[in-house]
Amino acid sequence: MLPGGTQFPIWRLDGVILMALLHAGPVEFVYYWLHRALHHHYLYSRSHHHSSIVPEPITSVTRPFAEHITYFVLFATPLITTALTGAGSIVPAFGYITYIDLMNNMGHCHSLHHTQLRANYSLFMPLYDYLFSTVDKTSDTLYETKAILEAEEKGARVISLGLLNQGEELNRYGGLFVHKNPELKIKVVDGSSLAVAVLTNSILTKVAYATAFALCQKGIQVVTLREDEHEKLIRSFGSNLKIWLVGNGLTEEEQSKAERGTMFVPFSQFPPATKRRKDCTYHLTLAMATPAALENVDSCENWLPRRVMSAWRIGGIVHALEGWNEHECGYTISNVDTVWDAALRHGFLPLTIPTQS
């Protein structure tokens, strides 16, 4: 479609140099001022991306549609320019696209940008932050300081682990942090107790029965406090509940084994990533609606509706609001009923949106 856009050679050094200059010059410069403009109160409050205080890789693509289009045009400038000038080649073109995506997901100093709000506007090259005095003074030491110890030094009482930082293989559900730093005053929270509370209190009663049934199948004894609950459990075990408790690793093959009308209820932090069946329903991941008074705090789970936050994240907030003097990480879990009551008392509400098609 473009003059010079056909029969690209594999490699042209002059095109690589031109692409690098265009990126370092107009692309980074325009991005800096566009990004800085997006931090104006009017635009900032309308960006799902910037509402994420603790960014994760998915944060890089949770943006309004108009913002996506603007960035697409901006990042296409080096590619189109090299094609129009006849300096384009295949390897640099694909390399530049890969570089943009990789670096965008890594997000150099991006956590500081999302917490300090008035610093680190540059894309990948902090040149313009230094020129216009918007670089955060702690950027150069960010990767030399442990986040938990830094938060403690700043007076934080609770640190809530991100959804991607809770794996058993990674850090023993966060317990490794406490084990290595036994004198920690800051409390490390993964929010598991509230996740359990949401599953057993706010989704559907029959889901709780399905949970008990699944535990019994694994040889785990389930105790009820009332006789009527015990009778209901006994009756439910003889019925076809058509409920699957699943993790985010649910495969298409596994889904194909479910009966028509099955409800898939994820117990993991992330929803199943595979193709969905049209004749089944998919419950949202464990989450709650945030109170109307809660401002400037949000999360970037783009599979959840607006003003809905993961139960694991809310668990950390409730822990801080209550001032509990205990860790909730590793293999330790707080009292489920106490945490649930506290979440409701602070205005967090069970979801009214039951499923996700």
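Residues numbered from 1 in each chain as written. Predicted model: local features only at pLDDT ≥ 70, side-chain atom pairs only at ≥ 80, totals over all residues. Heavy atoms only, no water.

### What to know about helix H3 (residues 65-84)
Turn by turn, an α-helix covers 3.6 residues, leaving residues three or four places apart pointing in a common direction.
Move 1: Over its 20 residues, H3 runs 27 Å from end to end, which matches the ideal 28 Å to within 8%, given 1.5 Å per residue.
Move 2: Where H3 bends most, at threonine 77, the angle is about 40°, and the proline proline 78 comes one to four residues later.
Move 3: Turning to H3, its buried residues are Glu67, Tyr71, Leu74, Phe75, Ala76, Pro78, Thr82 and Ala83. (Helix = DSSP H or I, 4+ residues; strand = E, 2+ residues; numbered from the N terminus. Expected span 1.5 Å × (residues − 1). Bend = angle between axes of the 7 residues up to and from the residue. Buried < 20%, exposed > 50% of the residue type's maximum accessible area, 1.4 Å probe, protein only.)

### Thoughts on the nonpolar core
Note that soluble globular proteins tend to have their nonpolar side chains buried in a common cluster.
Move 1: The biggest cluster of nonpolar side chains holds 29 residues, and the ones touching the most others in it are Leu194, Val198, Leu286, Met288, Ile314 and Phe348.
Move 2: Elements with a contribution of two residues or more to this core: helix H10 (192-201), strand E4 (263-266), strand E6 (287-289), strand E7 (308-310), helix H14 (311-322) and helix H15 (336-345).
Move 3: Looking at this core, the element that brings in the most residues is H10, giving five residues.
Move 4: When residues no more than four places from it in sequence are discounted, the contact partners of leucine 194 are Met288, Ala311, Ile314, Gly315, Val339, Trp340 and Ala343. (Core = buried A, V, L, I, M, F, W, Y, C linked by side-chain atoms within 4.5 Å. Contact = heavy atoms within 4.5 Å.)

### A word on the side chain of serine 334
Move 1: Looking at where serine 334 falls in the secondary structure, it is placed in the loop between H14 and H15.
Move 2: A relative accessible area of 9% places serine 334 in the buried class.
Move 3: Polar side-chain contacts of serine 334 include one of 3.2 Å to the side chain of glutamate 326. (Polar contact = N/O pair within 3.5 Å; in protein donor to acceptor, adjacent residues only side chain to side chain.)

### Remarks on the pattern of salt bridges
Move 1: Summed over the entire model, instances satisfying the criterion amount to four salt bridges.
Move 2: When the shortest N-O distance is used, the salt bridge between arginine 345 and glutamate 322 registers 2.9 Å. One end of the pair, arginine 345, is in helix H15; the other, glutamate 322, is in helix H14, and 23 residues separate them in sequence.
Move 3: According to the relative accessible area criterion, arginine 345 is exposed, its value standing at 55%. (Salt bridge = Lys/Arg side-chain N within 4 Å of Asp/Glu carboxyl O.)

### Some details on H15
Move 1: Three or more residues of H15 are buried, namely Val339, Trp340, Ala342 and Ala343. Take H15 and look down its axis: the buried residues cluster within an arc of 165°, on one side only. Looking at H15, the residues exposed on the side facing more than 90 degrees away from the buried face are Asp337 and Arg345.
Move 2: Taken together, the buried residues of H15 touch H10, E6 and H14.
Move 3: The N-terminus of H15 is capped by asparagine 335, whose side-chain oxygen sits 3.1 Å from the backbone nitrogen of aspartate 337.
Move 4: Once H15 ends, the next one or two residues include glycine 347, with phi positive near 95°. (Arc of directions from axis to C-beta.)

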